[in-house]
Amino acid sequence: LEQYDDKHQQHELVYGIGKDDINKRVTLAFRGTDVKFAAQTNWTTNLTALKKTVDIPDEIKGKVEGSDKISFHAGFHDFVFDLTFDDSDDKDKKKYDEILEDVKHVLGKYPDYKLYVTGHSLGGALSTVAAFYLSCDPDIPKPVSCINFAAPRVGDWDFFQATQALEEMGKARFLQVFADGDLVSTLPSIGYYHVGFQLKLYKSVKSKPNFLYPNKNSSWSEGVLRAWSNSVFSNFNFSYDHGDHLARLEKDKAVLEKINLNDSYADFELTGLTPKRYGQDSDSTKERSLNSEPTTGLCCGGSS
């Protein structure tokens, strides 16, 4: 563990930074909703679901068709960009500025390491916002890989397009892991979109996970099926499936180890990302189901 900050947890988000010398990774992790020490602040953040519109970062201006703005879930965005609570900080210092300083400091100590960002639930939402902006920073080694769990949606259609632009530019990779039946990951719904690859895990031993990407060239019917799969209605149940990910990952370990995130991004048929960038020629589109053996090997692997 290189850095941990919960000093003002009743007012600010909580994060930690660790390093993995085997895989040469620096990992920025955000804490999820805490009901003991920071319940009021955390739940206020979760429930502040009005949109906040901001300028697109300079790094990807012109990459989003028809817009130079993106909109976020205001609670998640502001929790990352609120002013810090520490009296010793400059009066205009934002929490993101502090995080960026710490991340750059650690990466400066390990210059050949890559950055990973993660979190669960609220922490997953914060990781999506933070990874998006870290991917736009020219001093952060690329790609920035965001792998989170049970994250709610954080942005609008323009944000979705902006993340795809970063993916196509090789600056970011996003993988969101969901448990089937988890209502949290279906919210907020209208006008918000999940980004990157989506891995849905099932409780039943007979059900293998689904691994898909919101292909921008997919057909109308594929889009409808994907929207239904991510909807409140298809995931509604009376059990609590918001924290069952480790058991389901272990159940599906043999299947997931055959999926490689790098190879998946290079599969134009799966993603619809720019073929000349990834060396693919196919113009067909598909959603990959893991109910049959995959042909590319999720080890999200290595430090590449």
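Scroll up for the structure.
In this convention, every chain numbers its residues from 1, walking through the sequence in written order. The predicted origin of the model limits local features to residues at a pLDDT of at least 70 and limits the giving and counting of side-chain atom pairs to 80 or more, whereas totals for whole chains, interfaces and linings rest on all residues. Excluded from the side-chain calculation are hydrogens and water; included are all heavy atoms of the structure.

A.B. asks: Describe the nonpolar core, and please don't skip the residues or the numbers.
C.D. replies: Working definition of a nonpolar core: buried Ala, Val, Leu, Ile, Met, Phe, Trp, Tyr and Cys residues. They are joined through side-chain atoms within 4.5 Å. Classification of residues uses two cut-offs on accessible area relative to the type maximum, computed with a 1.4 Å probe and protein chains only: under 20% is buried, over 50% is exposed, and between them is partly exposed. Residues Leu28, Phe30, Ile70, Leu115, Phe132, Tyr133 and Leu134 are the most contacted members of the largest nonpolar core, which totals 62 residues. Elements are defined by DSSP. Helices are runs of H or I of four residues or more, strands are runs of E of two residues or more, and each kind is numbered from the N terminus. Looking at this core, the element that brings in the most residues is helix H4 (residues 122-135), giving 9 residues. Once you skip the residues sitting within four places of it in the chain, Tyr133 turns out to touch Val54, Pro57, Ile70, Phe72, His77, Phe81 and Tyr96. Throughout, a contact is declared for two residues whenever any of their heavy atoms are within 4.5 Å.

A.B. asks: Describe in detail the sheet that holds strand S3 (residues 25-30), supporting the description with residues and values.
C.D. replies: Only strands joined by at least two bridges in the DSSP assignment are considered to pair. Strands sit in the order S1-S2-S3-S6-S7-S8-S9-S10 across an open sheet of 8 strands; the sheet is mixed. Looking at strand neighbours, the two that pair on one side only are strand S1 (3-5) and strand S10 (210-212), the edges of this open sheet. Across the sheet, the axes of successive neighbouring strands diverge by a mean angle of 15 degrees, strand direction being ignored. Where strand S6 (residues 114-119) and strand S7 (residues 144-149) come together, 2 bridges link them in parallel fashion. Counted as the bridge partner of Tyr116 is Ser145 from S7. Every angle, taken between N-to-C directions, lies between 0 and 180 degrees, and every axis is a line fitted to C-alpha atoms, over only the stretch in contact when it is a helix. Contacts from helix H3 (residues 95-109) reach S1, strand S2 (15-20), S3 and S6, with the element oriented near 15 degrees to S2.

A.B. asks: Which residues make up the environment of Ala150, and what values go with them?
C.D. replies: The topology assignment puts Ala150 in the loop between S7 and helix H5 (157-168). When the C-alpha positions of Ala150 and Asp182 are compared, they lie 7.5 Å apart, and in sequence the two are 32 residues distant.

A.B. asks: Would you mind going over the packing of aromatic side chains in detail, with residue names and values included?
C.D. replies: Only Phe, Tyr and Trp rings take part, Trp by its six-membered ring, and two of them pair if their centres are within 6.5 Å. Stacked means planes under 30 degrees apart, edge-to-face means over 60, and tilted covers everything else. Applying the stated criterion across every chain yields a total of 16 aromatic pairs. Through a chain of ring-to-ring contacts, the aromatic side chains of Phe72, Phe81, Tyr96, Phe132, Tyr133 and Phe159 assemble into a single cluster. Residue placement shows Arg25 over the ring face of Tyr116; its charged tip is 4.3 Å from the ring centre. Look at NZ for Lys and CZ for Arg. If either is within 6 Å of the ring centre and within 35 degrees of the ring normal, a charge sits over the ring. The ring of Tyr192 carries the charged tip of Lys51 above its face, separated from the ring centre by 5.1 Å.

A.B. asks: Quick one: what's the story with the environment of Asp78, residue by residue and with numbers?
C.D. replies: Positionally, Asp78 belongs in helix H2 (residues 74-81). Put simply, Asp78 and Lys95 are 17 residues apart on the chain and 9.3 Å apart in space, counted from C-alpha to C-alpha.

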